[in-house]
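Analysis of the macromolecular model
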Amino acid sequence: MRHPYPVFYKITALLSFLIFLVLTPGAQSRGRTEQGRMPPEKHAAKVRLPRGYRPFPTRVKYFRGNGINVDLFAGEFAQGAAAYAEIYIDPSAENGSLQVHRLELEKKSVPVTKMEWGYRAVMAISPETAPGIKKLKVEYSIGGAVRKEEFSFQVQSGDFLFSRRALDLGNYSDVDYRLKPEELRFIEACTGKKKKVFGTKSPDRLRASFSHPRDAHHITSPFWAKRLIMRYRKNNGKKVRFPDKINVHKGIDLRGRAGDPVYAMAGGTVAIAEPMYYEGNFVVIDHGHRMFSLYMHLGKIAVKEGASVRAGDRIGSVGSTGLSTAPHLHVSLMIQDVYVDPMSILSLPLRD
Ligand SMILES: [Zn+2]
C-alpha cells in the first residue's frame, strides 16, 4: 500500500537506495531468431510466476561485429529495465578464443562473466537516462590485437507515473520534526551497513532461473512513480505549507497479507537479514557483479546473513515493519548502483 518512503529526508539519500507455473518466456522469443544460430533449449531461463501473471515477452537485438555476435535481450528496451547481453564468437568468421576486455553501456562499464560459450552480462537501463539512441561498446580480442565495436539501440520512455496530489506524511512532512538520538544512531548504523554491502563486488552468482517474489501479482505502487510530499510547519495548529518535495519510488509495492510468503527473485547470497529503521525487517540478496535485490517491511525473516539462496526460496513473510502503514512487500532491484523495475529481470533468458 502507500507507505511513506521519505526520500526527501536527508539521511535517506544514502538509502539510494504456492502455486507457481514454470514458464519459459525466453524460449518463445528465441523462436524468432532470424538465423536459428542459437538453439532455443539452451536459452530457457526457468521463471517461477504466480498464476495469471506473465512478464513482458523477451525481445532481442542482434548485433554483428568483426568476428563477434552480441545478442541483447530485454522485456522492454525502456527506461528502468534490466537488459542481458550474450557476447560470443561468430563461428562463420573466426575460430580463435574470444577475450572480452570491456563492455560499456552509455560509457558506464558493465561487468562480464566468462562462460563456456562466450560472455554474459546483466545491465541496467537507467530510469534517468533520456529516451533515444543508446550505445553499447565492446572491446575484445580474438587471439590478436584489440578490436572495438559500438552498437546502437533505441530506448523507449518508461512512462512513469507522476501523482501531483501532495501526500501528508505526518511527522515526516513536519519540517520541525526531529528524530530521537537513539533513532539517529540506529539510522546511522543501518546506513553504514548498507553502504558496505552495496559497495561489495562479488562474483556473478546468477543461475538461469528467476522467480516472482510473491505467489500473487498485484502492484499497489509502480516502479519510479513520483509523488509530491507535503512539507509544513505547525503554527498554533495551522499548517503553514513549505514547497512540496518530490518522492521517487525506487521499487514496486506488491499487495500481500501479513504472513504471505516472500521469495528470492534470483540466486545469490544473503547480504542483509535484519531490522532497519526505514526498511523494517529487511533482506538483501547479493547476486554478484553488484546486483542486489531488496525486500522490505517483512513480517518475519526466514534466512540468515551469509546463506546461499536460489530463485524461489522462501526468504520471509509479508509484514508492515519499518516505515510502512499496512502490510505489503516492497521489492527493489539494483544493478551496478542503478534501480530498475524488479519485474524486468523475469524477461531475461539467462544462460548458464
Ligand atoms: Zn514501496
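Residues numbered from 1 in each chain as written. Predicted model: local features only at pLDDT ≥ 70, side-chain atom pairs only at ≥ 80, totals over all residues. Heavy atoms only, no water.

1. Section: the overall build of the protein
The condition is simple: Each helix is a run of H or I in the DSSP string that is no shorter than four residues. Each strand is a run of E no shorter than two, and both are numbered from the N terminus. Summary of the burial criterion: residues with accessible area below 20% of their type's maximum are buried, those above 50% are exposed, and those between are partly exposed, where the area comes from a 1.4 Å probe applied to protein chains only.
Scanning the protein for helices and strands turns up two helices and 25 strands. Each of the 352 residues in the protein was classed as buried or not, and the buried ones make up 55%.

2. Section: the sheet that holds strand S3 (residues 59–64)
The line we're drawing: Paired strands are those between which DSSP finds at least two bridges.
Pairing within the open sheet is antiparallel, and its five strands lie in the order S3-S4-S5-S9-S8. Where the open sheet ends on each side, the last strands, each with one partner, are S3 and strand S8 (113–114).

3. So, the pairing of strand S10 (residues 132–142)
Sheet analysis places strand S6 (residues 98–105) next to S10, joined by seven bridges and oriented antiparallel. Bridged to Leu103 within S10 is Val138. Across nine bridges, S10 lies against strand S11 (residues 147–155) in antiparallel orientation. Looking at the pairing, Leu136 lines up with Phe151 of S11. Where S10 folds back on S11, the antiparallel hairpin that results is connected by four residues, among which Gly143 adopts a positive phi of roughly 70°.

4. Considering the pattern of salt bridges
As a reminder, the rule being used: For this analysis, a salt bridge means a side-chain nitrogen from Lys or Arg found within 4 Å of a carboxyl oxygen belonging to Asp or Glu.
A full pass over the atoms with the stated rule returns 18 salt bridges. Between Arg102 and Glu104 there is a salt bridge whose closest N-O contact spans 2.7 Å. Here the salt bridges do not stand alone but share partners, grouping Arg120, Asp204, Arg207 and Asp352 into one network.

5. Comments concerning the sheet that holds strand S12 (residues 162–167)
Heads up, the condition is: To obtain an axis, a line is fitted to C-alpha atoms, over the contacting stretch when the element is a helix, and the angle between two such axes runs from 0 to 180 degrees between their N-to-C directions.
Across the sheet, three strands lie side by side as S12-S15-S16; this open sheet has mixed pairing. Strands with a single pairing partner mark the edges of an open sheet, and in this sheet they are S12 and strand S16 (238–248). On average, adjacent strands in this sheet sit at an angle of 20° to one another, irrespective of strand direction. Alignment of S12 against strand S15 (residues 226–235), held across three bridges, turns out to be parallel. From the neighbouring strand, Leu167 faces S15, where its bridge partner is Ile229.

6. Description of the nonpolar core
Our working rule: Within this scheme, the nonpolar core is defined by two criteria: the residues are buried Ala, Val, Leu, Ile, Met, Phe, Trp, Tyr or Cys, and they are joined through side-chain atoms within 4.5 Å. Note: domain ranges come from an automatic or database domain assignment. Should any heavy atoms of two residues lie within 4.5 Å, those residues are counted as being in contact.
Val284, Tyr295 and Ile315 are the most contacted members of the largest nonpolar core, which totals 60 residues. Counting residues per element, this core draws most heavily on strand S21 (residues 291–298), which supplies six residues. Formed jointly, this core draws a minimum of three residues from each of two domains, domain 1 (10–19 + 160–347) and domain 2 (23–155). The residues touching Val284, leaving out its near neighbours within four places in the chain, are Val197, Phe198, Thr269, Val270, Ala271, Ile272, Phe292, Ser293 and Leu294. The next biggest cluster of nonpolar side chains, apart from the first, holds 26 residues, and it includes Val110, Met123, Leu136 and Tyr140.

7. Describing the side chain of Ser173
Here is the rule: Under this definition, polar contacts are N or O atom pairs within 3.5 Å; protein pairs additionally need one hydrogen-donor-capable and one acceptor-capable atom, and for neighbouring residues in sequence, both atoms have to be side-chain atoms.
Note that Ser173 resides in the loop between S12 and helix H2 (181–198). In terms of polar contacts, Ser173 uses its side chain to reach the backbone amide nitrogen of Leu169, at 2.8 Å. Excluding residues within four positions of it along the chain, Ser173 makes contact with Leu167, Asp168, Ile229, Met230, Arg231 and Tyr232.

8. So, the pairing of strand S9 (residues 119–125)
S9 sits mainly inside the fold: seven of its seven residues count as buried. Side chains Tyr119, Ala121, Met123 and Ile125 project from S9 onto one buried face, and the interleaved Arg120, Val122 and Ala124 project onto a second face that is buried too. Strand direction decides the pairing type here: S8 and S9, joined by two bridges, are antiparallel. Looking across to S9, one finds that Lys114 is bridged to Tyr119.

9. So, unusual backbone geometry
In this structure, Lys107 takes a positive phi of about 70° despite not being glycine. One non-glycine residue, His297, lies in the positive phi region at around 65°. On the secondary structure map, His297 appears in strand S21.

10. Topic: the environment of Val248
You can see Val248 is positioned in strand S16. Sequence separation between Val248 and Trp224 is 24 residues; the distance between their C-alpha atoms is 5.6 Å.

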